[in-house]
Structure formats: C-alpha cells, structure tokens
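Analysis of the macromolecular model
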Amino acid sequence: MHQPGMPPPPHAPLDGGTGGQIQLPAGAAVPAPAPAVAPAHPDVAHIGVAVLLIGPAGAGKTTVARYWAERRPVPTASISLDDVREWVRAGFADPRAGWDDRSEAQYRLARRTCGFAARNYLANGISCILDDAVFPDRPAVGLGGWKRHVGPGLIPVVLLPGLDVVLERNAARTGTRRLSDEEVATIHGRMAGWYGSGLPIIDNSRHDVATTARMLDEAVARSLSSPPAW
C-alpha cells in the first residue's frame, strides 16, 4: 500500500556488487523530488521521504535519526548502517582493525541490505531515515552507492558537531563503536570536506536532540523545495 501523496516509485538498478556475493533483489526506489512551485516549504511531517543522515563517529546520527523517526506523525523507519553491519557475528570486520578488502565488502553488503529495506518500506508507504559515516573524499563509500540503492529522491543531510564534542561522545562508548581519539579526529577532519558541497549541514555542538531534530526537519524541507545537486 502506498501512502497518499507518495507515487509508486520506479525500480532501482542493482549495485553490481562485490565478487562472490549474492545480489539482493531490486525494489522500488524513491523518486527524485520535484521543486516546489510555491515558495513555502512543504510540510515534511506529513509526506513520504527518504533521508540519509551523514556524520562522523560521535556526531549523534543514530540518536537523532531515531528521535526524528519516532516523533513523525506518519509511519517512519530508522535504519542504522552500523547496526546492520553488526548482524555479522563470526568473521565481523571490526572497524578498530582498520579498513581492508574484507571490511569494504561487509560495508557494501550492509549498504545494499539497508537500501533494500528502505525501498521496501517506501513501497509500503513508510518513510525512512538512514545514518552512515559517508566520506566526501572516498567514492567507494560515498553517496553514489546510496543513491543507487535507495533512489535519486534520497535526501542527504550532514550532522557535523565540533571535534571536542565527538571526542567526548566517543569516550562514553564501549565495544566496537568506540574508536581511538586519533581515528575519531581523522574521520572528523575528512568530514569537513562536506562544507562547500551544497548539502545541508547541521552543527549540533550546542543543541540537544529535540532541537537538532527540528533543524533536520527544516533541512529536509529546504531540500524538497530546492533539491541540492549531488
């Protein structure tokens, strides 16, 4: 069943995948939003959308995404790539061990799985928000893959607090989610490349989750009215 106001989307192409991996079946991709005729921003709370929340480790992506999804007046799912990656138990490519062919293969598989889930939710009238640490300078884990898996209507928004904030949040983490201070600083520095990209950026250094979620609504509304080129 499609949500009123959200037309049946077209089929999304397959990724091409990594050698030896089973392809996920293609689903319907969210269509690219058309620019609004009126200057007023659309009512984001009552329309079907697919949002990708980008940010470094410790930015608060998953916390904000879940808060935003839980409080929308229309059905909305929150899909965290880190959660899906950790479905692999034996043989998990621990991010603390560095980036190699195995970790990249598991990342690609998790991204395809998230995209498959997002298309299924959208096809059944359920909006979604995904979160991932997408690097602006690394095509292998860039926006292109998300666009292929979810569709051209995917709305990327960057969550980028200050380095001191992400270091503090990282220190409170445990297990595979806690990285070294050096790694966190490196990731945060690379995320600065999103400035000047044209994507909406939210600095939530001094904002609580509720305020950040409201700013996310505003950023999504602006993107629907005037889609950024990416």
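Remember, predicted model here, so these are calculated numbers, not experimental data. (Residues numbered from 1 in each chain as written. Predicted model: local features only at pLDDT ≥ 70, side-chain atom pairs only at ≥ 80, totals over all residues. Heavy atoms only, no water.)

Focus on the sheet that holds strand β4 (residues 155-159)
The parallel open sheet is built from 5 strands, whose spatial order is β2-β3-β1-β4-β5. Of all strands in the sheet, those with a lone pairing partner are β2 (76-80) and β5 (201-202), marking the two edges. Sheet topology note: the β2/strand β3 (residues 127-132) ladder contains 5 bridges and is parallel. For Thr76, the partnering residue across the bridge sits in β3 and is Ser127. Taken strand by strand, helix α7 (residues 209-225) contacts β1 (50-54), β3, β4 and β5, and its axis lies near 145 degrees from that of β4. (Pairing = 2+ DSSP bridges. Helix = DSSP H or I, 4+ residues; strand = E, 2+ residues; numbered from the N terminus. Contact = heavy atoms within 4.5 Å. Axes fitted to C-alpha atoms, helices over the stretch in contact; angles between N-to-C directions.)

Regarding helix α4 (residues 143-150)
Side chains three or four residues apart in an α-helix point the same way, a direct result of the helix having 3.6 residues per turn. Considered for burial, the residues of α4 that qualify are Leu143, Gly145, Trp146, His149 and Val150. Viewed along the axis of α4, the buried residues span an arc of 160 degrees, placing them on a single side of the element. Taken together, the buried residues of α4 touch β1, α2 (81-85), α3 (101-123), β3 and β4. Following α4 by one or two positions, Gly151 adopts a phi angle in the positive range, close to 130 degrees. (Buried < 20%, exposed > 50% of the residue type's maximum accessible area, 1.4 Å probe, protein only. Arc of directions from axis to C-beta.)

Observations regarding the pattern of salt bridges
Scanning the entire structure with this criterion turns up 5 salt bridges. The salt bridge involving Asp83 is made with Arg66; its shortest N-O contact spans 2.6 Å. With Asp83 in helix α2 and Arg66 in helix α1 (residues 61-70), this pair connects stretches of sequence that are 17 residues apart. Between Asp164 and Arg206 there is a salt bridge; the shortest N-O distance is 3.7 Å. Remark: Arg206 occurs in the loop between β5 and α7 and Asp164 occurs in helix α5 (residues 163-171); sequence separation between them is 42 residues. Here Asp164 falls in the partly exposed class, since its relative accessible area comes to 47%. (Salt bridge = Lys/Arg side-chain N within 4 Å of Asp/Glu carboxyl O.)

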